[in-house]
Amino acid sequence: MIIKQLSVFVENKKGRMAEITDILAKNDIDIRALSIADTTDYGILRLIVDNPQKAQETLKSAGMTVTLTGVIAIAIPDKPGGLSSAVKVLSEKDIQIEYMYAFLNPTDDTAFVIMRVENEDNAIDALTKGGIRLMKEEDIYTI
Amino acid sequence: MSRSDIKSLQLERLKRLVKYCYDNVPFYHKKLNMAGVLPEKIKTLSDIQYIPYTNKTDLRDNYPFGLFATPMKNIARIHASSGTTGKPTVVGYTKNDLENWAEMVARITTAAGASDETIVQIAFGYGMFTGALGLHYGLEKIGATVVPTSSGNTEKQLMFMRDFKTNALVATPSYALYMAECAKELGYPMSDYHLKLGILGSEGCTPEMRDQIEAAWGIFVTDNYGLSEICGPGMSGECHLRQGLHINEDHFICETIDPNTLEVLPSGSEGELVVTTLTKEAIPLLRYRTKDLTRITEEKCECGRTTARMDKIKGRSDDMLKIRGVNVFPSQVESALVGMDKIGPHYQLIVRREGFADTLEVKVELIDGSVLEKYSELEGITRSIKSRLRTILGLDAKVTLAEPKSLERFQGKAKRVLDLRNEK
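Owing to the predicted nature of the structure, the values given are computational and were not obtained by experimental measurement.

Caption draft 1: Spotlight on the overall build of chain A. From N to C terminus, chain A includes five helices and seven strands. For chain A, whose C-alpha radius of gyration is 16 Å, the value lies close to the compact-globule estimate of 15 Å for 143 residues. Its C-alpha atoms put chain A at 40 × 30 × 25 Å along the principal axes. Per-residue burial for chain A yields a buried fraction of 30% across its 143 residues. Of the contacts made within chain A by residues no fewer than 6 positions apart, 68% connect residues no fewer than 24 positions apart.

Caption draft 2: Expanded view of the overall build of chain B. Helix and strand content of chain B: ten helices and 21 strands. A compact globule built from 424 residues should have a C-alpha radius of gyration of about 22 Å, and chain B, at 23 Å, falls within 12% of that. If one aligns the C-alpha atoms of chain B with their principal axes, the spans along those axes are about 75 × 60 × 40 Å. Here chain B, with 424 residues, has 43% of them falling under the buried criterion. For chain B, the proportion of contacts with a sequence separation of at least 24, taken over those separated by at least 6, is 66%.

Caption draft 3: Layout of the domain arrangement of chain A. All names here are of chain A. Examined at the domain level, chain A breaks down into domain 1 (2-67) and domain 2 (70-141). Between the C-alpha centres of domain 1 and domain 2 there is a distance of 22 Å. Each partner contributes to the interface: domain 1 provides eleven residues, whereas domain 2 provides twelve residues. Of all the secondary-structure elements, those providing two or more residues to the side of domain 1 that touches domain 2 are β1 (2-11), β2 (31-38) and β3 (42-49). Across the side of domain 1 that touches domain 2, the residue classes break down as five nonpolar, two polar and four charged.

Caption draft 4: Representation of the domain arrangement of chain B within the structure. When cut into domains, chain B gives domain 1 (3-318) and domain 2 (323-419). A separation of 32 Å is found between the C-alpha centroids of domain 1 of chain B and domain 2 of chain B.

Caption draft 5: Focus on the packing of helix α6 (residues 154-163) of chain B against helix α7 (residues 173-186) of chain B. All names here are of chain B. Packing of α6 against α7 leaves a shortest axis separation of 10 Å and a crossing angle of 80°. The angle between the axes of α6 and α7 places the two elements in the roughly perpendicular class. For the pair α6 and α7, the contacting residues are T154, E155, Q157 and L158 in the first and M179, C182, A183 and L186 in the second. In the contact of α6 with α7, the residues fall into five nonpolar, two polar and one charged.

Caption draft 6: A look at the environment of B:T57. With respect to the helices and strands, the residue B:T57 is situated in helix α3 (residues 56-61). Residues B:T57 and B:K87 lie 30 residues apart in sequence; the distance between their C-alpha atoms is 9.7 Å.

Caption draft 7: Geometry of the confidence of the model for chain B. Of the residues in chain B, 98% have a pLDDT of 70 or more, and the chain-wide mean is 92. Listed scores for the predicted complex are pTM 0.74 and ipTM 0.77.

Caption draft 8: Layout of the interface of chain A and chain B. Between chain A and chain B, the contact holds 14 residues from the first and 14 residues from the second. Of the residues that constitute the side of chain A that touches chain B, the class distribution is five nonpolar, five polar and four charged.

Caption draft 9: Representation of unusual backbone geometry in the model. All names here are of chain B. Cis geometry marks the peptide bond from Y63 to P64, where omega comes out at -10°. Mapped onto the elements, P64 comes out in the loop between α3 and β1 (75-80). Despite not being glycine, C231 has its phi angle at roughly 160°, a positive value. Note on placement: C231 falls in the loop between β7 (220-227) and β8 (232-238). Notably, R287 is not glycine yet its phi reads approximately 45°, a positive angle. Relative to the elements of secondary structure, R287 occurs in the loop between β11 (271-277) and β12 (288-294).

Caption draft 10: Main features of the sheet that holds strand β18 (residues 343-354) of chain B. Residues and elements named next belong to chain B. What the four strands build is an open sheet, ordered β20-β19-β18-β21; its pairing is mixed. What marks the edges here is a single partner per strand, and that holds for β20 (398-402) and β21 (417-419). Going across the sheet, the axis of each strand differs from the next one's by a mean of 20°, ignoring polarity. With nine bridges joining them, β18 and strand β19 (residues 357-366) adopt antiparallel strand pairing. By the bridge assignment for β19, E354 is matched with A357.

Caption draft 11: Structural detail: helix α9 (residues 330-337) of chain B. Residues and elements named next belong to chain B. Listing the buried residues of α9 in full gives V333, A336 and L337. Taken down its axis, α9 places every buried residue within 95° of arc, on the same side. The inward-facing, buried residues of α9 contact β18, β19 and α10 (375-393).

Caption draft 12: Seen up close, the packing of helix α3 (residues 82-92) of chain A against helix α4 (residues 120-129) of chain A. Residues and elements named next belong to chain A. The geometry of α3 relative to α4 is characterised by a closest axis approach of 9 Å and an angle of 125° between their N-to-C directions. For the element pair α3 / α4, the angle class is oblique. Regarding α3 and α4, the two cross each other, and that crossing is right-handed. Together, A86, V89 and L90 of α3 and A123, A126 and L127 of α4 make up the contact between the two elements.

Caption draft 13: Broad picture of the pairing of β19(B). Residues and elements named next belong to chain B. Judged by how many residues are buried, β19 sits mostly within the fold: seven of ten residues are covered. What sits between β18 and β19 in their antiparallel hairpin is a turn of two residues, with G355 showing a positive phi close to 65°. Where β19 and β20 come together, five bridges link them in parallel fashion. When the sheet's bridge partners are listed, V362 is paired in β20 with V399.

Caption draft 14: Here's a closer look at the sheet that holds strand β4 (residues 145-147) of chain B. In spatial order, the strands read β4-β3-β5-β6-β7-β8-β9-β14-β13 (chain B); together these nine strands make up an open sheet with mixed pairing. Only two strands of the sheet have a single neighbouring strand rather than two, namely β4 and β13 (296-297) of chain B.

Thresholds, definitions, all that
Counting of residues starts from 1 at the beginning of each chain's written sequence and follows it residue by residue. Following the order in which they are written, the chains are lettered starting with A and the ligands numbered starting with 1. Given that the model is predicted, a residue must reach a pLDDT of at least 70 before its local features are reported, and side-chain atom pairs must reach 80 or more before they are shown or counted; all residues, however, enter totals for whole chains, interfaces and linings. Helix and strand definitions here come from DSSP, where helices need a minimum of 4 consecutive H or I residues and strands a minimum of 2 consecutive E residues; each element is numbered from the N-terminal end. Here the globule rule reads 2.2 Å times residues to the power 0.38, and the radius of gyration is calculated from C-alpha atoms. A residue is called partly exposed when the number of other C-beta atoms within 10 Å of its own lies between 12 and 20, exposed at 12 or fewer, and buried at 20 or more, with C-beta atoms placed from the backbone. Residue pairs qualify as contacts under a 7 Å threshold applied to their C-beta atoms, which are placed from the backbone. By convention here, the domain bounds are inherited from an automatic or database domain assignment. Gly counts as polar in this scheme, as do all residues outside two lists: the nonpolar Ala, Val, Leu, Ile, Met, Phe, Trp, Tyr, Cys and Pro, and the charged Asp, Glu, Lys and Arg. In this analysis an axis means a line fitted to C-alpha atoms, helices contributing only their contacting stretch, and an angle means the value between N-to-C directions, from 0 to 180 degrees. If an angle is under 35 degrees, it is roughly parallel; if it is over 145, roughly antiparallel; if it lies from 65 to 115, roughly perpendicular; otherwise it is oblique. For every residue, the predictor states its confidence as a pLDDT score lying anywhere from 0 to 100. The pairing criterion is simple: DSSP has to find at least two bridges between the two strands. Here the arc refers to the set of directions running from the helix axis out to each C-beta atom. Definitions for this section: a left-handed crossing has its near helix turned counterclockwise from the far helix by less than a right angle. A right-handed crossing has that turn clockwise.

This is the structure in structure tokens:
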């Protein structure tokens, strides 16, 4: 249930995103989902890819600061209140969300939400009990 | 005084000084013995070349009073440098030293255009720093009205300036500019201010910045030079012609040397300024290496003064930076970063002038990805670097995280400083 996500430290420099995505492309790594959070000086790029280990090694050998972390992915109905009910389950259990990002499922009317929480196991437990559908690793990598 | 009169006075005082140091300062006694330079060896002014140099480290190694030549009962005052590179350098003054110092400042401020008609606000920070009290007593000596406002509290400074009809300002160039900006914002017409003269110093000032200050205030600005180790302000200063800073040569012998070979350079060539204090009783210094780069000319100035003149300081022979009046060595930054977790050993310093103040940015490489999951951890890194820098430098710096290997690597001598202050 825990999905591997890459976090890459990126300086705010012209062409930097192009370089990173180019490295991934040349190594035949497919980006499944992406989010970037930036400050004035740098950003953190979060990536879900089809082959996280390979992507990590590739970026690391290109000299980047990169880390592989566990996140969880849930599938929620793509309608008003869909996200709110899932997040409520976590807040009721006092589980903090560090960050999250979402994208639509191209094949049906659900949306996927990737979230980073402090304790994945507790979150998975709470979400499962709350009736929220969790995505498996292979499901996400091959969306 | 003719050049030859100046030189014979200098020789007489140099002989007396070397003997005085030899007899009263164990440090010099040992040093002169080791160099084989007994006081009798000084027969001409050029014999000064046999005397070993004194360095800032010698002052620091002998903290606090090790280089004093006279018992504490004769010391009338103590000043100290900010001590950003470890122990501060401490200097003492006897009553005569204070008298001479005031005399020297009186001369340079007179040359700059101050007189008993002058109402001068001293906006240097008072305290252990030599600047404020140095100018204070020198200006009092010429009969000026001294207003010791110290630095800060700019609105009040400006109120006094309007109400007292202050016509001269002692400040750092950047504070003088800042005050002008505040004066504009406050909205009183500039005709409410009566400033005519700026005696600015204690940090570098390019001709462009001087023009800017003059235009902002409608004043005439002169530069002066001194460093706390040799007395403070007053060693030299510009006259109204501003063709170099007149040196008080009856109190100092100034040489320029090649900082690498340590050879004395002929008059007129640029090199590191080396100063010998001829009259100081409390802490006399023989051939003190200032690390400041300048050029000295003995040509007579058109103002009529015959004293030698030095150029405005061109730079440093070491890598010291002066940022907002604080001395910063890149090695200090390095010592702040050593042992810090999650960042690499490379760093870069970027100094800029933003508005009226110098800013320091320190760039370091983030090498540990484990902190990317929590912004608080990332911020924690920059915060802890910042607080270490503040402790060591006494200065707030901006800390920027960079990607690994993004900072330039150097083969041989590293150039870690990017000083953009004089770039347009």
